[in-house]
Amino acid sequence: MTVYIMCLALFSVGLYCVLRKRNLIKIIIGIGIMEYAANLFFVLVGYRAQGRAPIYAHDQVIEKMVDPLPQAVVLTSIVIALAVTLLLVTIAMRIYEKYGTFDITKIDKLKG
Amino acid sequence: MALLPYVVAIPLGAAFLILLVGRRFKASSGVIAVSAVFCVTTLSLRIASMVATGKILCFKMGNWQPPFGIPLVADGLSALMLVIASVVGLLVTIYSVGYIRVYTDRWKYYALMMLMIAGINGVLLTGDIFNLFVCLEIASIATYALVAYGLEDESLEASFKYAVMSSVGSCFILLGIAFLYSFTSTLNMADMASTLVSHRTDKVVYFVSALFMMGFGLKAALVPFHAWLPYAHSASPSPVSAMLSGVSIKVLGIYAIARIFYNVIGITPAVQSVIITFAVLSMITGAVLAFGQKDIKRVFAYSSISQIGFIALGLGISTPLGLTGAIFYLLNHSLFKSLLFLGAGSMERITGTRDLSKMRNVIESSPLTGYATLIGALSISGIPPFGGFWGKLLIIFSCLQAGRPVLAIVAVGVSALTIAYYFKALVPALFGNDAAFRVAGIGGKRITFAMAAPMAVLAVLTAVAGLILLPGTANTLLKGSVAVLSSGIGYAESIFGAIR
């Protein structure tokens with residue numbers, strides 16, 4: 001149980017980082033932490049105590065094995081997170097070229 | 001049914017083809033994009049005509065029997081939404097050919113547009129909740145890049161804010177999926193629904209509902225989560241705004257909410273009251289904020305928030321009449337809101353500004369743009385012969401029928417506000433005859449045929465969309481999609497029935 005609570009704590013750290021930080025890069029890191037926590041939680045869901053890797057071979061008797069589906073799913077989700085992070089960093093670099101700052105409160109041409 | 005994967009595969013393939021050949025052969029990218037979306041539109045009309053006969057089409061990817069593997073499913077709701085999405089997508093892509101002329105690296109734009117359409121079609125057809133998340137992310141990531149496409153200060157800023165908020169929403173959705181998986185040990189939506197039948201009052205289900213409401217509410221721009229929408233809609237190129245407002249927020253937001261809360265988790269009075277609260281907040285906030293805007297696209301953006309509130313209200317009332325109103329209004333809103341955004345793009349080209357206080361005489365300089373925008377505005381403000389009126393009327397009646405007169409009064413009030421802010425925004429811009437503005441502005445460009453034709457088609461579609469309420473094929477589809485939603489978690493049996 002502790003491990004799940006810690007995982008949700010990690011998620012909250014990421015959310016806090018996105019909501020409270022003013023630096024674009026720190027916001028991106030916050031999103032990274034949130035995605036990491038969500039993926040970690042998904043993997044933990046599939047974990048069985050003392051389970052082995054879900055690889056099937058002819059001459060083996062499988063007794064305890066972790067759930068392979070979350071692993072496959074999380075792999076996809078990590079790739080998505082990578083794409084989002086890459087795009088965010090690229091946009092942040094372009095914003096720095098245009099505005100000369102990483103401070104989100106100074107990037108406010110769209111008020112109204 | 002073997003047609004279904006092509007609806008996703010064709011735009012996806014077109015995106016990669018454009019990336020391969022677009023840099024070398026500049027003119028080819030637009031041709032590939034338009035022909036790909038044309039194929040998708042033909043296919044989706046074919047699928048819809050088959051679904052209208054009462055069948056549910058199903059395709060098992062890799063021939064895995066459900067609950068294993070990923071099924072593609074087209075029932076009434078998916079088919080109707082697919083037709084809306086692909087028709088609007090086709091017209092927007094054609095419009096882009098004319099509009100995107102002034103930008104560089106056009107092939108990247110078309111590739112991203114194709115990815116967005118592929119993602120949206122994937123969300124509509126999939127029967128697997130994680131696959132829904134993946135397609136949703138494909139569509140969203142393509143949209144972040146499309147919003148930033150102009151590379152102006154504003155579009156970069158809008159794109160960053162949209163991407164951050166939307167990613168937070170996606171994290172909540174992923175977390176919700178993880179909880180649901182740990183609870184039901186399946187990712188197939190139909191299987192999940194049949195497992196959840198006996199657990200509808202468990203605490204986990206409430207927690208998951210809250211997570212999904214945050215995640216999909218953010219994608220739908222319901223009010224506590226609406227902050228990204230005015231940025232993203234006003235700063236992106238006009239065809240992208242039209243796609244975002246006409247298709248994206250409805251498919252990624254409203255469709256996903258409807259599918260998951262009605263067909264998978266099962267609608268409860270608690271969820272209903274949450275949807276209604278968000279809907280009323282959206283309606284009022286959007287309408288009030290639309291008043292103070294000077295930028296024409298921001299007026300339309302806030303109006304989108306307000307009209308999404310109407311759709312969500314019909315969904316939250318969840319009587320058959322309310323659902324009919326919600327889906328009918330959704331269909332109409334797709335047509336006239338994309339028409340309005342395309343019109344805004346043309347008006348920007350003609351007058352060289354998006355500022356309403358500097359925009360005059362549009363009808364005189366381009367009658368087609370002016371009258372098309374006028375038809376859209378008349379329909380959205382609920383002037384009787386147009387579809388927007390009947391949609392609002394159905395939603396208001398459903399409130400009265402469900403014994404919620406306060407909601408009906410709010411809806412009537414917001415409709416009146418809608419007329420007022422559209423009148424205030426558009427009448428001076430369209431009809432204002434001010435000699436001082438005649439030569440002002442750096443615009444003065446003529447709109448091309450590629451821009452004019454989609455607007456004309458959309459204007460005609462908007463004008464006749466009210467006729468769907470009369471008996472006919474389209475009406476059968478509308479009834480079919482309402483039946484899917486009102487059957488609730490009976491969805492599971494009908495899907496398994498169709499597969500086996």
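This one's a predicted model, so the numbers in the text were calculated from it and none came from an experiment.

1. A look at the overall build of chain B
Now for step 1: Helix and strand counts for chain B come out as 20 helices and two strands.
Now for step 2: Since a compact globule built from 500 residues should have a radius of gyration of about 23 Å, the 21 Å found for chain B is in line with a globular shape.
Now for step 3: Projected onto its principal axes, the C-alpha positions of chain B cover 70 × 60 × 45 Å.
Now for step 4: Among the 500 residues that make up chain B, the fraction classed as buried is 63%.
Now for step 5: A separation of at least 24 residues holds for 79% of the contacts in chain B among residues at least 6 apart in sequence.

2. Considerations on the interface of chain A and chain B
Now for step 1: Each partner contributes residues to the interface: chain A has 28 residues there, and chain B has 29 residues.
Now for step 2: Those elements giving two or more residues to the side of chain A that touches chain B turn out to be α2 (24-45) and α3 (68-99) of chain A.
Now for step 3: With 14 residues, α3 of chain A is the single largest residue contributor to the side of chain A that touches chain B.

3. Notes on the environment of I305 of chain B
Residue and element names in this part refer to chain B.
Now for step 1: Position of I305 among the secondary structure elements: in helix α12 (residues 296-317).
Now for step 2: Owing to 26 C-beta atoms within 10 Å, I305 belongs among the buried residues under this scheme.
Now for step 3: A sequence separation of 52 residues divides I305 from G253, and the C-alpha atoms of the two residues are 12 Å apart.
Now for step 4: With near-sequence residues (within four places) excluded, I305 lies in contact with A221, V223, H226, L229, S282, T285 and G286.

4. A closer look at unusual backbone geometry
Residues and elements named next belong to chain B.
Now for step 1: Positive phi is not limited to glycine here, since A221 has a value of about 60°.
Now for step 2: The topology assignment puts A221 in the loop between α8 (203-220) and α9 (228-235).
Now for step 3: You can call A221 buried: it has 29 C-beta atoms within 10 Å.
Now for step 4: With a phi angle near 60°, S318 is a residue other than glycine that sits in the positive phi range.
Now for step 5: Take S318: it is sitting in the loop between α12 and α13 (320-351).

5. Notes on the pairing of strand β2 (residues 71-74) of chain B
Residue and element names in this part refer to chain B.
Now for step 1: Side chains P71 and V73 of β2 all project onto a buried face; the interleaved residues L72 and A74 project onto the opposite face, where all are buried too.
Now for step 2: In this structure, strand β1 (residues 57-60) lies alongside β2, joined through four bridges in antiparallel fashion. Pairing of K60 across the sheet is with P71, part of β2.

6. Here's the deal with the packing of α3 of chain A against helix α6 (residues 153-184) of chain B
Now for step 1: Look at α3 of chain A against α6 of chain B: their axes get within 9 Å of each other, and the N-to-C directions meet at 155°. As judged from the angle between their axes, α3 of chain A and α6 of chain B are roughly antiparallel. The interaxial crossing formed by α3 of chain A with α6 of chain B has left-handed handedness. Contacts between α3 of chain A and α6 of chain B involve S77, V84, L87, L88, I91, A92, R94, I95, K98 and Y99 of chain A from the former and D153, L156, E157, S159, F160, A163, S167 and L174 of chain B from the latter.
Now for step 2: Counted by class, the contact of α3 of chain A with α6 of chain B contains 11 nonpolar, three polar and four charged residues.

7. Thoughts on helix α5 (residues 129-147) of chain B
Now for step 1: Taking 1.5 Å of rise per residue, 19 residues should cover 27 Å, and α5 of chain B covers 27 Å from first to last C-alpha, within 8% of that figure.
Now for step 2: With 19 of its 19 residues buried, α5 of chain B lies for the most part within the structure.

8. Notes on the confidence of the model for chain B
Now for step 1: Model confidence for chain B is summarised by a mean pLDDT of 89, while 97% of its residues fall at 70 or above.
Now for step 2: Here the predicted complex scores 0.93 on pTM and 0.94 on ipTM.

9. Some words on the packing of α13 of chain B against helix α18 (residues 449-464) of chain B
Residues and elements named next belong to chain B.
Now for step 1: Where α13 contacts α18, the two axes come as close as 9 Å, and the packing angle between them is 150°. Compared by their axis directions, α13 and α18 come out roughly antiparallel. Seen from above, α13 lies across α18 with left-handed handedness. Between α13, through L335, F336, S338, L339, L342, G343 and S346, and α18, the contact on the second element is made entirely by M451, P454, M455, L458, A459, L461 and T462.

10. What about the nonpolar core?
Now for step 1: Judged by nonpolar contacts, the single largest core of 232 residues is most densely connected at M114 and L313 of chain B.
Now for step 2: With 18 residues, the top contributor of residues to this core is helix α10 (residues 238-265) of chain B.

11. A word on α13 of chain B
Now for step 1: With 32 residues, α13 of chain B ought to run about 46 Å at 1.5 Å a step, and its terminal C-alpha atoms sit 45 Å apart, in line with that.
Now for step 2: Phi turns positive one or two residues past the end of α13 of chain B, at G352 of chain B, with a value near 75°.

Rules behind the numbers
Residues numbered from 1 in each chain as written. Chains lettered and ligands numbered in written order. Predicted model: local features only at pLDDT ≥ 70, side-chain atom pairs only at ≥ 80, totals over all residues. Helix = DSSP H or I, 4+ residues; strand = E, 2+ residues; numbered from the N terminus. Rg over C-alpha atoms; globule rule 2.2 N^0.38 Å. Buried ≥ 20, exposed ≤ 12 C-beta atoms within 10 Å, placed from the backbone. Contact = placed C-beta atoms within 7 Å. Pairing = 2+ DSSP bridges. Axes fitted to C-alpha atoms, helices over the stretch in contact; angles between N-to-C directions. Parallel < 35°, antiparallel > 145°, perpendicular 65-115°, else oblique. Left-handed = near helix turned anticlockwise from the far one by under 90°. Nonpolar A, V, L, I, M, F, W, Y, C, P; charged D, E, K, R; others polar. Expected span 1.5 Å × (residues − 1). pLDDT = per-residue confidence, 0-100. Core = buried A, V, L, I, M, F, W, Y, C linked by C-beta atoms within 7 Å.

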